[in-house]
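Coordinate inspection notes
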Amino acid sequence: MKNNVQKLAIFGGSFDPPHFGHIDIVKNLEKLFDGVIVMPAYTSPFKAESDDAALRYKLCKTVFSSDKTEVSRYEIAKKGVSYSVDTAAYFKKKTAADLYWVIGSEELTRLTEWRDIDRLKTLVTFFVVPRPGFDIVPDIVKALKKRKIKLKIAKFEGLDISSTRIKIDTAFGKTNSFVPSVVSAFAKKHKLFDPYVKYVKKLYEYGLKDSRIEHTYGVAVCGAELAKLYGANVHDTVVACILHDIAKSLDCSSYADKVDFKLFPEPTRHSPVGAFIAKRALGVTDEIAHAIYAHTTGSADMSLLDEIVYLADKTEAGRNYKEVYYFRYLCKFNKDYAMCRILTEVTAYFKNKDASARDSELTVAAIEKYKQLSDGVEPPEMPRRVFDDDAVAEEKPAEKPVKKFVSTGDEIKDIAYASAQELDLHKGKNIKIIDLNGKTIVADYFVIASVTSTTAVKALMNYVEDRLTKQFGIDPNKRDINSEWIALDYGSVIIHIFTEKMREFYNIERLWADGHNIVLYGND
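Treat the numbers as computed from the prediction; the structure is a model and nothing was measured.

Parameters at a glance
Residues numbered from 1 in each chain as written. Predicted model: local features only at pLDDT ≥ 70, side-chain atom pairs only at ≥ 80, totals over all residues. Heavy atoms only, no water. Pairing = 2+ DSSP bridges. Helix = DSSP H or I, 4+ residues; strand = E, 2+ residues; numbered from the N terminus. Axes fitted to C-alpha atoms, helices over the stretch in contact; angles between N-to-C directions. Contact = heavy atoms within 4.5 Å. Phe/Tyr/Trp six-rings, centres within 6.5 Å; stacked < 30°, edge-to-face > 60°. Buried < 20%, exposed > 50% of the residue type's maximum accessible area, 1.4 Å probe, protein only. Lys NZ or Arg CZ within 6 Å of the ring centre and 35° of its normal. Parallel < 35°, antiparallel > 145°, perpendicular 65-115°, else oblique. Left-handed = near helix turned anticlockwise from the far one by under 90°. Nonpolar A, V, L, I, M, F, W, Y, C, P; charged D, E, K, R; others polar. pLDDT = per-residue confidence, 0-100. Salt bridge = Lys/Arg side-chain N within 4 Å of Asp/Glu carboxyl O.

**Points about the sheet that holds strand S10 (residues 485-489)**
The sheet built from six strands is open, its strands ordered S9-S10-S11-S8-S7-S12 with mixed pairing. Both edges of this open sheet fall to strand S9 (478-481) and strand S12 (518-521), since each of them pairs with a single strand only. With direction set aside, neighbouring strand axes in the sheet form an average angle of 15°. Sheet analysis places S9 next to S10, joined by four bridges and oriented antiparallel. When the sheet's bridge partners are listed, lysine 478 is paired in S10 with aspartate 489. In the packing of helix H18 (residues 411-425) onto the sheet, contacts are made with strand S7 (429-435), strand S8 (445-451), strand S11 (493-499) and S12, and the angle to S8 comes to roughly 5°.

Below is the structure:
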């Protein structure tokens, strides 16, 4: 690092693996600071023990090193749990530069719990990068500043990508494009970043159906997000979420000599059986086993891990019952109140469905506990824009002239233009139709659009699918779905819906457009 650095940003993390979200942050930091230190941790206080530190350091060197950015070995060489206060003190001795410690907005709620925060706040200013799904709450910022914790909020937003999500996708065989090819190749060669594969394999061994596997994937993704929000151990949460329904397809009566079903009505017996299997067959901890045990009934002695698995099971993205949108909102508003409402309403739902169903004593005790914990909490009114899975669904279409769809008689071309029209109608931006005739055997047309939020990505996908099904009687051959980018493959036509940042990363137009084969659709 050059000696004349006045403002130095330190960006620490596990980087397991380094992904485009990290790269985007570093590129933005390079524009704002005289120097950037990327600091891969040996072991993070919030992560599981790792034995791949040297390989992660090597990858970070490959991905991040530049004239302005240095990848430091300090924490990896030091070994043990990496605490920010120790690293900050080390660099304070090395440089006269002002130190800025880079954190995501999800860290603000637990910043006061960091090791020796009263010393750390004298060494650094926290540079906060807003992250999708983790709002910067003014009251929290005010409280931190009252404690003389210096904060600077970044004017750019981080991408909606997480290392945990990448590892979950890998375990479930999902394709993702969130890591550079050099990282993918390196990870494959060294068998890195796949801590959950063995657990997913067990689901198939115990006969889970594809629909149940897909639900489990959703629970794991949701659980990871809630673990970060509440400050829980993310690794243990994901393992518990993956295994929560492992016994769902089994004849639980065959375990009657091994498991006590006294507290579990018939539909919930896969919970104690699943806990038994997870403990015996996979050697999970007692804490993980108990989260599986309690995920259907709840209990009066639920740990934070238990609560997260319960909430994730009831609110994962694949759930589409009417109240789920409000329940998702409650999870971010107040955990105890969310537990109380969901326990109460889920129990009532099953009682209405089957009047003869008996309440578990565990559930009765859990409801009473969370009623007490949330006593006095005012039920929040959900903002209109988060009522649906997507803000766009609640908005009226933009009041601008809608292009009339005119059939050309060429069905493939008509599919491309109909999808572009639908994207334009629902506020897709910078919509381009690329004619690939003679350029590739992949497709005849690409249709590309940008949106301003991750929630809008999914909403526009639904609009396009519905339009093409109704008009042409077709469904996509394949869907590649990530929070930042969705590709709908209709064979001859492939539709790409990106967030603006992700589109900038991949720049498909540059790869396939030659200036003559591209049509800009709409009024942008």
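**A closer look at the packing of aromatic side chains**
For any pair of aromatic rings, the description rests on two quantities: the centre-to-centre distance and the angle between the ring planes. All chains considered together, the criterion is met by 17 aromatic pairs. Ring geometry for tyrosine 349 and phenylalanine 350: centres 5.2 Å apart, planes at 75°, overall edge-to-face. Accessibility expressed as a relative area gives 46% for phenylalanine 350, which makes it partly exposed. Ring plane angle 70° and centroid distance 6.4 Å describe the contact between tyrosine 417 and tyrosine 521, whose orientation is recorded as edge-to-face. Residue tyrosine 417 is found in helix H18, and its partner tyrosine 521 is found in strand S12; the two are separated by 104 residues along the sequence. By relative accessible area, tyrosine 521 is classed as buried at 8%. Of note, lysine 314 hangs over the ring of tyrosine 310, and the distance from its end group to the ring centre comes to 3.9 Å.

**Considering the packing of helix H15 (residues 324-333) against helix H16 (residues 335-353)**
Across the interface, H15 lies against H16 with an axial gap of 6 Å and an inter-helix angle of 150°. Here H15 is positioned roughly antiparallel relative to H16, judged by the angle of their axes. Note that H15 runs across H16; the crossing there is left-handed. Counted together, Tyr326, Phe327, Leu330, Cys331 and Phe333 of H15 and Lys335, Tyr337, Ala338, Arg341, Ile342 and Glu345 of H16 form the full contact between these two elements. When its residues are assigned to classes, the contact of H15 with H16 shows eight nonpolar, no polar and three charged.

**Here's the deal with the confidence of the model for the chain**
Looking at the chain as a whole, the pLDDT averages 88, with 91% of positions reaching at least 70. Below pLDDT 50 for its whole length, residues 385-402 participates in 35 contacts with residues either more than four positions away or in separate chains.

**Some remarks on the environment of aspartate 480**
Looking at the secondary structure, you find aspartate 480 in strand S9. Taking the C-alpha atoms as reference points, aspartate 480 and valine 137, 343 residues apart in sequence, are found 33 Å from one another. In this structure aspartate 480 touches Thr175, Trp485, Ile486 and Ala487, once residues within four positions along its chain are discounted.

**Some words on the environment of valine 464**
Relative to the elements of secondary structure, valine 464 occurs in helix H19 (residues 454-472). Owing to a relative accessible area of 1%, valine 464 belongs among the buried residues under this scheme. Taking the C-alpha atoms as reference points, valine 464 and isoleucine 495, 31 residues apart in sequence, are found 9.0 Å from one another. Sequence-distant contacts of valine 464, that is, excluding residues within four places in its chain, are made with Ser419, Glu422, Leu423, Leu488 and Ile495.

**Overview of the pattern of salt bridges**
It is possible for side chains of opposite charge to pair when their charged atoms get near one another. Counted by the stated rule, this structure contains 24 salt bridges. Between arginine 165 and aspartate 169 there is a salt bridge, with its nearest N and O atoms 3.3 Å apart. Of this pair, arginine 165 and aspartate 169 both sit in helix H7 (residues 163-171), separated by four residues, roughly a single helical turn. Like arginine 165, the residue aspartate 169 is buried in the burial classification.

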